[in-house]
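Letter by letter, the chains look like this.
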Amino acid sequence: MKRSKIIGALLSLVILAAAALVAETIDNRPALEEKSVKKESLSFQITWPAYSGRGEAIQRIVDLYNAENSAAFEITLVGGDEDRKASEKRLSAPDATTIHVLPYRFVKYFAAKGYLDDLSDYFKEEEQLFYPALWQLGQFEGRVYGIPWLGHSIGLLYNKELLAKARVDVASIRDLPSLVKALESVEAKTGAKGIGLVGANHNDVSWMVNQFVYAYGGRLVEPDGTRVALNSAETKAALRFYRDSLGPHAQPSWLDDSGLEVMEHFRKQKIAFEFQGVWGITDIEKNGNPFEVGSIKLEEIGLYAEVGPMMLALPRSMSREKKQSALRFMKFMISKEAQVKILAGEYSPEHDAYYPFRIPVRQDVADSVMTEKYPQYLPFVSAFKRPSIDVPVAKWQIIKDEYYAPGLHQVMTGEVSIEDFLKRIESKGNEILRQP
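Note that the structure is predicted; figures quoted are calculated from it, not measured.

About the cut-offs
- Residues numbered from 1 in each chain as written.
- Predicted model: local features only at pLDDT ≥ 70, side-chain atom pairs only at ≥ 80, totals over all residues.
- Heavy atoms only, no water.
- Pairing = 2+ DSSP bridges.
- Helix = DSSP H or I, 4+ residues; strand = E, 2+ residues; numbered from the N terminus.
- Axes fitted to C-alpha atoms, helices over the stretch in contact; angles between N-to-C directions.
- Contact = heavy atoms within 4.5 Å.
- Phe/Tyr/Trp six-rings, centres within 6.5 Å; stacked < 30°, edge-to-face > 60°.
- Lys NZ or Arg CZ within 6 Å of the ring centre and 35° of its normal.
- Parallel < 35°, antiparallel > 145°, perpendicular 65-115°, else oblique.
- Left-handed = near helix turned anticlockwise from the far one by under 90°.
- Buried < 20%, exposed > 50% of the residue type's maximum accessible area, 1.4 Å probe, protein only.

(A) Quick peek at the sheet that holds strand β7 (residues 155-159). Ordered in space as β8-β9-β7-β10, the 4 strands form an open sheet in which the pairing is mixed. The two strands at the open ends of the sheet, each matched to only one other strand, are β8 (193-196) and β10 (293-296). Strand-to-strand twist in this sheet, taken as the mean axis angle between neighbours without regard to direction, amounts to 20 degrees. One ladder, built from 3 bridges, connects β8 with strand β9 (residues 271-276); its direction is parallel. Paired with G196 across the strands is E274, a residue of β9. Against the sheet, helix α7 (residues 176-189) contacts β7, β8 and β9, and its axis sits at roughly 130 degrees relative to β8.

Okay, here's the thing in structure tokens:
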């Protein structure tokens, strides 16, 4: 009897131990499985805050990639801005491994400094998908350092109600003189000014004025990029038209306004026309559609439209393993599937609706999806064929920031004559272009 009790007790202990072992194995199994499938993270730095409407719109595209892709690296979205010095600090770090979104004007600048990876051999087949003028903006010395991802262009927006009140037929606006005539009619028959202009010492004054410089036959630099070409009769005529012909029809505060203030004046119906991108239309939609907006292709009135493609770029220091994952992600972001998602836009909780903030840059998306579903944005796409390039060579970014934009403001205010301004840009600009 005693012996049987001992054996029974031993059996009970064995059973309990076995059960504990099984329970421990079951408890640990999820952790072990999670560890085996957990991916490393690869950062994707955009130029907007991650938790903004635009950041969240891009996050949805990134989430789609992560869900569909079994690569070892998961893409993590990181917010940012367009600060050139901050971007340079990140890209020049010896251990930089982040996929970057860069304004096209930064690509040549950073490529010249040796911070960007040469992508020429990885996107040869994709080149034909994009407008040639945009693809060239990602090149430096014949090599590809930036891949077009999304972008914008500028159109001439107008208030249909104000034009109807002024009895202005849009079809009659076919060149710059007929535009001025339309502005005169608006001012004579409504309480609004004709057009919104930028005159402030700001990034916007550069791209806005350059649309006229190119239209008049001027150019910023010589074709080989070695010398400033602005000091010409064509440029002088363009600046005089902007200041002296359009200026009198602009909002009273135009000498101190950037594009943001222009958009506000347009929304409040203080001006009838404005030069804006697609956000100029969505801004009116977000504010209750107080009036109907129309748009004119700048090429139809003889202007070249400013374009601003955002480029995907990689730092040179990225390891081979991470680079392969980064390239796979970049190819997805320029795929037709991902490009269409750009048009889904950013969410506005105030209006419980989505609004596009940029447009795709693939030709086939514009030719198919936009034609069918977003025809109101097509005038902006056509500008990619004949763009006004605000930063044609890498070193122009320095010239623009230090001399060109500030000088244009002084020309508009009358502090400096057009002739003296152009001589100064030629002198200072050539010094910068000659620097190694």
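(B) Highlighting the packing of aromatic side chains. Counted under the stated rule, the structure contains 21 aromatic pairs. Here a set of aromatic residues connected by ring pairs shows up, and it is made of F212, Y216, F241, Y242, W254 and F275. Across the ring face of Y304, the terminal group of R386 is positioned such that the distance to the ring centre comes to 3.9 Å.

(C) Representation of the packing of helix α2 (residues 53-68) against helix α12 (residues 320-333) within the structure. Here α2 crosses α12 at 120 degrees, and the two axes come no closer than 11 Å. Of the possible angle classes, the one that applies to α2 and α12 is oblique. Crossing of α2 over α12 shows right-handed handedness. Only S325, R328, F329, F332 and M333 of α12 make contact with α2, whose side of the interface consists of I61, V62, L64, Y65 and E68.

(D) Representation of the environment of S178. Along the chain, the position of S178 falls in helix α7. Sequence spacing of S178 and R60 is 118 residues, and the spatial spacing of their C-alpha atoms is 45 Å. Other than its neighbours up to four places away in sequence, S178 contacts S172 and I173.

(E) A look at the environment of K113. Position of K113 among the secondary structure elements: in the loop between α4 (104-112) and α5 (132-136). Since its relative accessible area comes to 41%, K113 is described here as partly exposed.

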